[in-house]
Amino acid sequence: MKIGITGGIGSGKSTVTDYIIKRGYQVFDADKIAHEIEEPGGGVLLKLASVFGPEILAEDGSLDRKTMAAVVFSDDKKRKILNDITHREIHAIITEGLSHPETDPVFTDVPLLFESGFNKELDRVWLVTASEETRVKRVVARDGGTPEEVRARIRSQMSDEEKEKMADAVISNDCALEELYEKVDRLLDEANGKINK
Ligand code: ATP
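Described in the following lines is the structure provided in the data block.

## Some thoughts on the sheet that holds strand S2 (residues 27–29)
No. 1: The strand order S2-S3-S1-S4-S5 describes an open sheet built from five strands, whose pairing is parallel. The open sheet has two free edges, formed respectively by S2 and strand S5 (169–172), since each of these has just one partner strand. On average, each strand axis in the sheet is tilted by 20° relative to the strand beside it, whichever way the strands run.
No. 2: Pairing geometry for strand S4 (residues 124–129) and S5, over four bridges, is parallel. Opposite tryptophan 126, over in S5, you have alanine 169 as the bridge partner.
No. 3: Docked against the sheet, helix H5 (residues 76–99) engages strand S1 (2–6), S2 and strand S3 (106–109), running at close to 165° with respect to S3.
No. 4: Strands S1, S3, S4 and S5 of the sheet are contacted by helix H10 (residues 177–191), whose axis makes an angle of about 160° with S5.

Written as C-alpha cells, this is what we have:
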C-alpha cells in the first residue's frame, strides 16, 4: 500500500514522517529528493543547463541556486519551466522508489500532493492539519520571521477544507506530540489491517 503524507506549511508533516521512519517504515521525502537532484551528476542538471544555459551550474557541477533564482526571478514563464522539469524528476524518482518498496505500507511526504495531482498515484492520502494560529506560532518559533509573513504563505496555499475533501485520513495536530504519535499509531494499525476503520 502506497500512502502519501501531505499538509500545509507548519502543519507537522516532517514530525509525522520522522515518527513513521522511527516506526520502521520507508518514506520517500520530496523535499529531500529536491535537494539531492541539485547535487553534481544529477541528470536533471544537464536538462536545466541546456534550457537555461551552463551558467546555472556551479564549478563543482552542482546547481548554482543563486544564479538559477536570478534567471527565473520575475519571469513566471521560466519559473514554470523550472518547476515542471524539477517536479517531473522528483515524481519520477518517487514513482520508481514506490514501485520497489522495502516496507508495506510505504510512504511519501509530498508538500503539494493534491496541487501536483500525484495523489492519483497513491492508494491513500493522510493529511496533517493544524489551526492557522498553531501553525503560525510553530513556524515563527522554528524559522523566525513575522506572523504576517507566515499567514500570507499559509493563505497562498490550497485551504485545509479543500484538501480534507480529497484525503482518506486527517491527522489533526493541534495537540501534544504524544497524542499526535498515538493518532499515527492508530492509522498504522488500520493500514496494517490490525483494526477496522
Ligand atoms: P513545512 O511545511 O514548513 O516544512 P511541516 O509541515 O513539515 O512544515 P514540521 O516541521 O513537522 O511541519 O512542524 C513545524 C514545527 O512545529 C516544527 O518545529 C515541529 O517540531 C513543531 N511541531 C510539530 N508538531 C508539534 C506538536 N504536536 N507539538 C509541538 N510542536 C510541534
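## A look at unusual backbone geometry
No. 1: A cis geometry characterises the amide bond from aspartate 104 onward to proline 105, with omega recorded as 5°.
No. 2: Tracing the backbone shows proline 105 in the loop between H5 and S3.
No. 3: Phi angles above zero are rare outside glycine, and serine 74 is one such case at about 55°.
No. 4: On the basis of relative accessibility, which here comes to 66%, the residue serine 74 falls in the exposed class.

## Describing the nonpolar core
What tends to happen in soluble globular proteins is that the nonpolar side chains get buried as a cluster.
No. 1: Counting 27 residues, the largest nonpolar core has Leu48, Ile56, Met68, Ile94, Leu98 and Phe118 as the members making the most contacts within it.
No. 2: Counting only elements with at least two residues in this core, the list comes to helix H2 (30–36), helix H3 (43–52), helix H4 (65–72), H5, helix H6 (113–116) and S4.
No. 3: Two domains share this core, each providing at least three of its residues, namely domain 1 (1–26 + 105–191) and domain 2 (31–100).
No. 4: Those residues in contact with leucine 98, other than ones at most four positions away along the chain, are Lys2, Phe28, Val106, Phe107, Thr108, Phe118 and Leu122.
No. 5: Ranked by size, the runner-up nonpolar core spans 18 residues in total, among them Val27, Trp126, Val128 and Val184.

## Comments concerning the site of the ligand
No. 1: Surrounding the ligand, one finds 14 residues, the nearest of these being Lys13, Ser14, Thr15, Arg142 and Asn173.
No. 2: A distance of 3.2 Å separates an oxygen atom of the ligand from a polar backbone atom of glycine 10.
No. 3: In this structure, arginine 138 approaches the ligand through a side-chain N or O atom, which is 3.3 Å from a nitrogen atom.
No. 4: Protein contacts shield 75% of the accessible area of the ligand, which totals 630 Å² for the unbound molecule.
No. 5: Contributing elements (two or more residues each) for the shell around the ligand: helix H1 (13–22) and helix H7 (132–143).
No. 6: If you tally residues by element for the shell around the ligand, the top one is H1, at three residues.
No. 7: Residues belonging to the shell around the ligand are distributed by class as follows: four nonpolar, seven polar and three charged.

## Details of the environment of serine 172
No. 1: Residue position: serine 172 is located in strand S5.
No. 2: A sequence separation of 149 residues divides serine 172 from arginine 23, and the C-alpha atoms of the two residues are 19 Å apart.
No. 3: Not counting chain neighbours up to four residues away, the residues in contact with serine 172 comprise Thr129 and Lys183.

Parameters and conventions
Residues numbered from 1 in each chain as written. Predicted model: local features only at pLDDT ≥ 70, side-chain atom pairs only at ≥ 80, totals over all residues. Heavy atoms only, no water. Pairing = 2+ DSSP bridges. Helix = DSSP H or I, 4+ residues; strand = E, 2+ residues; numbered from the N terminus. Axes fitted to C-alpha atoms, helices over the stretch in contact; angles between N-to-C directions. Contact = heavy atoms within 4.5 Å. Buried < 20%, exposed > 50% of the residue type's maximum accessible area, 1.4 Å probe, protein only. Core = buried A, V, L, I, M, F, W, Y, C linked by side-chain atoms within 4.5 Å. Domains from an automatic or database assignment. Near = heavy atom within 4 Å. Polar contact = N/O pair within 3.5 Å; in protein donor to acceptor, adjacent residues only side chain to side chain. Areas by Shrake-Rupley, 256 points an atom, 1.4 Å probe, with all protein chains shown as cover. Nonpolar A, V, L, I, M, F, W, Y, C, P; charged D, E, K, R; others polar.

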